[in-house]
Structure formats: structure tokens, C-alpha cells
Protein chains: 2
Amino acid sequence: MTRRDDMAADRRRNGSDTPSATRDRILDAAARILSEKGYSATRLADIAQLAEVRAPALYYYFSSREELIAEVMAVGQRRLREHVESALAALPPGTAPMDRIDTAVQAHLQVELQLSDFATAVTRNLGQLPDDVRERLRSEGSEYIGLWRRLLEQARAAGLIRPDLDLRAARMLVMGALNWTPEWWNPRQGSLTDVIDTAKSLVRHGLG
Amino acid sequence: MTRRDDMAADRRRNGSDTPSATRDRILDAAARILSEKGYSATRLADIAQLAEVRAPALYYYFSSREELIAEVMAVGQRRLREHVESALAALPPGTAPMDRIDTAVQAHLQVELQLSDFATAVTRNLGQLPDDVRERLRSEGSEYIGLWRRLLEQARAAGLIRPDLDLRAARMLVMGALNWTPEWWNPRQGSLTDVIDTAKSLVRHGLG
DNA sequence: CAACTAATTTATCTTAAATTCGAAAACGTC
DNA sequence: GACGTTTTCGAATTTAAGATAAATTAGTTG
């Protein structure tokens, strides 16, 4: 085991990371490339260039391409969930279920379209990852899905959702509408607020 | 110019194709692999194996990997549009705009999830294609988008769509919900009819 | 049945990209 | 300002995949 691996291991264990500006630049660059080009077309050389280092430098911080990509995805998943969770947590207690769903829609779209290439990297690539990477991301992913399931279940329990809807299908269709936005939305063609408002309205009336 | 190119050229010109069973097997295989793995991860070797030939045989029918993939995408786009168009055409004249939208939702999902790997290949890969290939597919793609635009415009003209909705955003969100389905739907986890019915209901109430 | 053509194969070439390695900078410390 | 440690780099290695070439098979036709 080399010196390098020890360090990486240390990093992961204690949070005492001085998270090396370079390492962050590399991660950011990877997120960006990944969200634009997709898993298989993501080249280490491109990431390196964007991060302003040479390709071998990546190996100082990550043990392999897969490792780097897996890290980007993990960060993306976590940020997405945390952002939506904290938006919900900020609501006054007793907020109506439909308003909570509105909030989740808005938060999801904000992260996806404005805040984080990491989140976009996740939604655009989860489906095309090799099995072993996907496996590592599964539990975090299930948690986010669980969050949405609970949102919908609470709304249904309150009698706010039409009973003809298959709740799982409805949830996945809604999340699909949100996840697909990076494919078409462009800041120059319409404001983010328009998309968010339209999405809220569509979801609220679609479900209720 | 070799004999081979002449033949391929002939094929394209006149429709007198005896569309070689092998060529079709290759196209089908390519559609399948493409829809599963995505553009960059699609290997000629995998396609060949699925089509039960050796990789160089592909070059007898297609001049390059890009050519083959572009053909798959073109077929996929055309089939998707034609299927939805003919479903609409089969409706009695004077069918209400919302019912027409229902029909389009259903037809789109049927092609996407049941009828054609080609359609799935399109929705999952359009965003990651190299520019020159995307360029070739653009006009057909715009036509399909135009179809949906007209559907929504007619519904709005009839006063059936809430005026707070941004029509373009609404359209893209709806198409996103549909296009995302291949990412999660699995015949073993729920019937196609459930998904279709839920989608119809979601869209109808979401818009109107 | 010989000759031609279409279809497909095996073997080979080429290139692009990930990775490894050892050496050189850069940095902090005494 | 030499010394050890961290960080980065250029060059070499390896591998995988697309593409081409040449040979082979099978089928058709004169």
C-alpha cells in the first residue's frame, strides 16, 4: 500500500480534510464533464484540462477513473437530497401536504438546473453506470425516493390525491418530468421561475 | 468507390430493398444495445454478438459506427412519430382536444415501453450524440415536437388549459415524464396499463 | 461445372485513452 | 538555504476498440 492510498484512506475516515483546493477543482470539473457528456464519454484528459492539471495528477487524489466518478455521483445524490430535505425542514410545522410537494418540486429543480452540476451528473448518468458503481449509490438513492414516497403518501392520506392514481407510477412520472429538465431547459430560452411555477402547477393539479 | 458502396447507395435510392435479414438483425441489435448502454458505451462487438455475426460484417452494411447509430436513431424517431400520428389519425373527427392528448400519451408510452427499442434508443441518447449526428436528426425531431405543440395549442384554444401554464415548459415537462419512463418502468413491477392510465390522468388534470 | 458475386470471416493495423512510473518542482520547516 | 514531504508532470506502457485487408464460403448464373 502506497503513501498515497494511506492519505486517501485518512481523508475518508476522519473529516479532518483540508480538502485540497485541487481535489475540489478536479471534482467540480468531473461533475461538469460528466453532466455534459455522460459516463462513457467522460475523458480524464478533459477533466484534467478543466481543472487545470495534467491527467496523471488525478491519480494523486483518486485511485481510478471509476473512483472519481463514483465520488461525483455520491456527492450529487447527497446534495440533491440534502437540499430538498432542508427546504422541507424550513417550512412551518403543519404546512399542508400539497404545499410541501410544491416545495420539493421547487428545490429539486433549483439544484438540478441552477445549483449543482453534481446533481445533473446523477440524473443523467445513473442509468448508464456499471453495476458495481450503481450498487454503491443505491442506499442513498433509495432514501431520496423514500422522501418522495412519503410526501405523496401523506398527501393521499389527507385525501388530496385522486384515488385513481397508481402512487408509484405517479411519483416516478413526476420525478421523471423533473429529471428530464436538464435535457431541454436553457436559461436563455425561459426563466427558471417559469419552469418551476409551471412544474408546481402541473404537479399540484395533476395529483389532486 | 467499391462494389459495396454502390449497393448501399442503391438501397437508399430505390425502395427495392430486399432488406437483408442480416442487416435488420444488426439494426435491431444496435437499437437494443444503444437503448441499454447509451451512445458511447455501445460497442460494435456487442452489437455483432447480439446479431450473431462478427464485427467486421457490420461494415458490409454500414460505412461506420456513426452511420449505423445514426440510422438506428432515425428509424426510432420516425417510428415514434408515425405511431403517435396514426393513433391520432384513427380518432373520430371532432374528438375533444383533451382526448387527443390522452391518445398521444398512450401511444408514446406504448412505443417507448413496449414496441420499440429504437424509440428508447432515441430518448435515451439524443442528448449525448455528437453534434453532426444530432444535426441529421433535427428536422424529424422538430416535427414530433411540433405535433405536441399543436396538441397543446388546440387544447388551450379551446380553453381547456389553465392559463397560468407556460405552454412550452408544460409540454417539455410532460414529454419528460414520458421519456423518463424507460429509466424506471419494468414489466415485472407494474402493468403497462397502470402506467398509461396514471400518466393520462396526471397529464389531463395537470393541464386542465 | 466454372466463374462470378455477395456475404462473412480471420487476421492485422491504428489510434485513443487509462494507467503506471520515476523524476522534478513546490512547499514548509528547521 | 539544505531537507524531507507533498504535489505535479512527462514519458512509457497497456488495453480496448474501430477500422481495413485479405481470404473464404456459399449461392447463382451462364
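Preceding block: the structure.
Figured I'd write up the structure that's included with this text. (Residues numbered from 1 in each chain as written. Chains lettered and ligands numbered in written order. Predicted model: local features only at pLDDT ≥ 70, side-chain atom pairs only at ≥ 80, totals over all residues. Heavy atoms only, no water.)

**Considerations on the protein's contact with DNA strand D**
Taken together, 16 residues are adjacent to DNA strand D, and Arg54(A), Tyr60(A), Tyr61(A), Arg43(B) and Tyr59(B) come closest. Sugar and phosphate atoms represent 77% of those atoms of DNA strand D found within 4 Å of the protein. Contacts to DNA strand D include Thr22(A), whose side-chain N or O atom sits 3.1 Å from a phosphate oxygen. The separation between a phosphate oxygen of DNA strand D and a polar side-chain atom of Tyr59(B) is 2.3 Å. The residue inventory of the surface near DNA strand D, partitioned by class, reads 9 nonpolar, 3 polar and 4 charged. (Near = heavy atom within 4 Å. Polar contact = N/O pair within 3.5 Å; in protein donor to acceptor, adjacent residues only side chain to side chain. Nonpolar A, V, L, I, M, F, W, Y, C, P; charged D, E, K, R; others polar.)

**A short note on the interface of chain A and chain B**
Counting from both sides, the interface comprises 36 residues of chain A and, opposite them, 36 residues of chain B. When chain A packs against chain B, the two sides together hide about 3200 Å² of surface, and 62% of this comes from carbon and sulfur. The largest contributions to the chain A side of the interface with chain B come from Leu173(A), Trp180(A) and Trp184(A), which together make up 22% of the buried area. Across the contact surface, chain A and chain B share 10 residue pairs in polar contact (both at pLDDT 80 or more). (Contact = heavy atoms within 4.5 Å. Buried area = accessible area lost by both parts, 1.4 Å probe.)

**Here we look at the pattern of salt bridges**
For the structure on display, the rule yields 26 salt bridges over all chains. Salt bridges here are not isolated pairs; linked through shared partners, they connect Arg81(A), Glu85(A), Glu140(A) and Glu143(A). (Salt bridge = Lys/Arg side-chain N within 4 Å of Asp/Glu carboxyl O.)

**Some words on the protein's contact with DNA strand C**
If you check the shell around DNA strand C, you find 17 residues, and the closest are Tyr59(A), Arg65(A), Arg54(B), Tyr60(B) and Tyr61(B). Residue Thr22(B) places a side-chain N or O atom 3.1 Å away from a phosphate oxygen belonging to DNA strand C. Every element with two or more residues in the surface near DNA strand C is listed here: α3 (44-51) of chain A together with α1 (3-13) and α4 (58-61) of chain B. Here the residues of the surface near DNA strand C sort into 10 nonpolar, 3 polar and 4 charged. (Helix = DSSP H or I, 4+ residues; strand = E, 2+ residues; numbered from the N terminus.)

**Focus on unusual backbone geometry**
Outside of glycine, negative phi angles account for most residues, and trans bonds account for most peptide bonds. Residues and elements named next belong to chain A. A positive phi angle is found at Glu52, which is not glycine, with a value near 60°. Assignment of secondary structure puts Glu52 in the loop between α3 and α4 (58-61). A relative accessible area of 65% places Glu52 in the exposed class. (Buried < 20%, exposed > 50% of the residue type's maximum accessible area, 1.4 Å probe, protein only.)

**Observations concerning the environment of Met175(A)**
All names here are of chain A. Mapping Met175 onto the fold places it in helix α9 (residues 167-184). Judged by its relative accessible area of 6%, Met175 is buried. Sequence separation between Met175 and Ala158 is 17 residues; the distance between their C-alpha atoms is 21 Å.

**A short note on helix α3 (residues 44-51) of chain B**
All names here are of chain B. Taken together, the buried positions of α3 are Leu44, Ile47, Ala48 and Ala51. Taken around the axis of α3, the buried residues stretch over an arc of 100°, which confines them to a single face. Among the structural elements, α2 (21-37), α4 and α5 (65-89) are those in contact with the buried residues of α3. Following α3 by one or two positions, Glu52 adopts a phi angle in the positive range, close to 60°. (Arc of directions from axis to C-beta.)

**A closer look at the relation of the copies chain A and chain B**
When chain A is brought onto chain B, the operation consists of a screw motion whose angular component is 180° and whose axial shift is 0.0 Å, with 0.1 Å RMSD remaining. As the rotation angle and translation indicate, the two copies are arranged about a two-fold axis. Interface overlap between copies is the fraction of interface residues in one copy that are interface residues in the other; for chain A against chain B it reaches 100%, indicating a shared surface. (Least-squares fit on C-alpha atoms with pLDDT ≥ 70 in both.)

**Comments concerning the packing of aromatic side chains**
Residue and element names in this part refer to chain A. Counted by the stated rule, this structure contains 2 aromatic pairs over all chains. With a centroid separation of 5.0 Å and 85° between ring planes, the pair formed by Tyr60 and Tyr61 is classed as edge-to-face. Sitting over the face of the ring of Phe118, Arg79 holds its NZ or CZ atom 4.4 Å from the ring centroid. (Phe/Tyr/Trp six-rings, centres within 6.5 Å; stacked < 30°, edge-to-face > 60°. Lys NZ or Arg CZ within 6 Å of the ring centre and 35° of its normal.)

**Considerations on helix α10 (residues 192-207) of chain A**
With 16 residues, α10(A) extends 22 Å between its outermost C-alpha atoms, agreeing within 8% with the 22 Å of an ideal straight helix rising 1.5 Å per residue. Along α10(A), the positions that sit buried rather than exposed are Leu192(A), Val195(A), Ile196(A), Thr198(A), Ala199(A), Lys200(A), Ser201(A), Leu202(A), Val203(A), Gly206(A) and Leu207(A). Of the surrounding elements, those touching the buried residues of α10(A) are α6 (97-115), α8 (131-157) and α9 of chain A together with α9 (167-184) and α10 (192-207) of chain B. (Expected span 1.5 Å × (residues − 1).)

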